[in-house]
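Geometric and topological summary
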Amino acid sequence: MNIFSNFFTKQAKAKKIISFDGGGVRAIAGIVFLKKLEAASGKKISDIFDMFVGTSAGAFNAACLAHANMSADELKKYWSKEYTDKIMETSFFWDQASLIQARPRYETKGRVKVLKEIFSNKVIGDSSKPLLTLCYDIEKRKHVVHTSLHTPEVSFVDAISASSAAPMYFPTYQMENGSWMIDGGIVTNNPTLLGLTHAKDYFKTNNIKVLSIGTGLNKQKIKGETSSRWGGVGWLRNDIMGMMLDSEIHNDIATHIIDKSYLRINSSIGKINKMLDDDSEENIEKIHLMGLEWWSEYGEETLKFIED
């Protein structure tokens, strides 16, 4: 009787999904949080979770952790100043004094070089754990999901480069198949619901938990009367892109649908720079502190959440 009891108990274990928002260098806060989770649980993130989901910078984090059992500490190395300088290789045509630019701020080649250093020529079908990334096909005007189940032939370099080709920051990315992609945050910056849908299909179960890692929210007040006089430049100066990429409505929907099987880690960015590429020492320190504050607020709840 105990044999059958143990069998059904094992079958009832929830599949655990971890989902990463996009958010440029602010994605470091999530890694700081996950380092604390690894230390407190005694387990690597790659061993705790069964599927990894991400958009933009979150696609990079998800892919690294799913790829070859990389730890959060190992992942953090690739967000050091040495690597962000390589990734954010400034375009020759970029004019720092001008808000309206004729060219993207950064070139693609530096980012691709770093990705090849990490993933070589491997395809996402080689991933140790199931992986999902999101991007947007600019010519077909539709979102594209790359997964280790349905598109295993897509390279890690292509999947991540496509998902993180943020307009204005990086050029539109041409994949090996000739398609032109931009950042998945255009569709949703919080891919939780997308991950949930694919996890149900992949694992053939509704017994799923999702830990969703944000990158902070810009809650700085905008005066309505002042905004009524803005044109294009005014809105660009006051974070219109941030407002458009705010996916907290997806958080509200996920909370309603998944309820207690969903845990969201996020907060206001406070004094962190709203720009996604500020890797100055001062700003990175603030991002680190946000990650530590997340652990103080959500650490114990997260440890209970990941229990079988």
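Above this text is the structure in question.
Scope of this entry: the structure provided in the associated data block.

Rules used throughout
Residues numbered from 1 in each chain as written. Predicted model: local features only at pLDDT ≥ 70, side-chain atom pairs only at ≥ 80, totals over all residues. Heavy atoms only, no water. Salt bridge = Lys/Arg side-chain N within 4 Å of Asp/Glu carboxyl O. Helix = DSSP H or I, 4+ residues; strand = E, 2+ residues; numbered from the N terminus. Buried < 20%, exposed > 50% of the residue type's maximum accessible area, 1.4 Å probe, protein only. Axes fitted to C-alpha atoms, helices over the stretch in contact; angles between N-to-C directions. Parallel < 35°, antiparallel > 145°, perpendicular 65-115°, else oblique. Left-handed = near helix turned anticlockwise from the far one by under 90°. Contact = heavy atoms within 4.5 Å. Nonpolar A, V, L, I, M, F, W, Y, C, P; charged D, E, K, R; others polar. Pairing = 2+ DSSP bridges.

This paragraph deals with the pattern of salt bridges. All chains considered together, the criterion is met by 9 salt bridges. A salt bridge links Arg105 to Asp277, with the shortest nitrogen-to-oxygen separation between them at 2.4 Å. One end of the pair, Arg105, is in the loop between α6 (81-87) and α7 (109-119); the other, Asp277, is in the loop between β8 (262-265) and α14 (281-305), with 172 residues separating them in the sequence. Exposure class is identical for Arg105 and Asp277. Each is buried. In this structure, a network of salt bridges that share partners links the residues Lys81, Asp85 and Asp279.

This part takes up the packing of helix α2 (residues 28-41) against α14. One can describe the packing of α2 onto α14 by two numbers: an axis separation of 7 Å at closest approach and a directional angle of 40°. The pairing of α2 with α14 is recorded here as oblique in orientation. Between α2 and α14 the crossing geometry is right-handed. Contacts from Ile28, Ala29, Gly30, Val32, Phe33, Lys36, Leu37, Ala40 and Ser41 in α2 reach Ile284, Ile287, His288, Met290, Gly291, Leu292, Trp294, Trp295, Tyr298, Gly299, Thr302 and Leu303 in α14. Residues belonging to the contact of α2 with α14 are distributed by class as follows: 14 nonpolar, 6 polar and 1 charged.

The subject of this paragraph is the packing of helix α4 (residues 57-67) against α7. Direction vectors running N to C along α4 and α7 enclose 15°, while the axes themselves pass 11 Å from each other. Between α4 and α7, the angle is such that the two are roughly parallel. Note that α4 runs across α7; the crossing there is left-handed. Between α4 and α7, the contacting residues are Phe60, Ala63, Cys64 and His67 on the first element and Leu115, Ile118 and Phe119 on the second. Of the residues belonging to the contact of α4 with α7, the class tally is 6 nonpolar, 1 polar and no charged.

Side chains on a regular strand alternate between the two faces of the sheet. For strand β7 (residues 208-213), a buried count of 6 out of 6 residues is recorded, marking the element as mostly surrounded by other parts of the structure. Burial along β7 is two-sided: the face carrying Ile208, Val210 and Ser212 and the face carrying Lys209, Leu211 and Ile213 are both buried. The pairing of strand β1 (residues 15-20) with β7 spans 6 bridges and is parallel. From the neighbouring strand, Ser19 faces β7, where its bridge partner is Ser212. Where β7 meets β8, 4 bridges bridge the pair, whose relative direction is parallel. Within β8, the residue paired with Ile213 across the bridge is Ile265.

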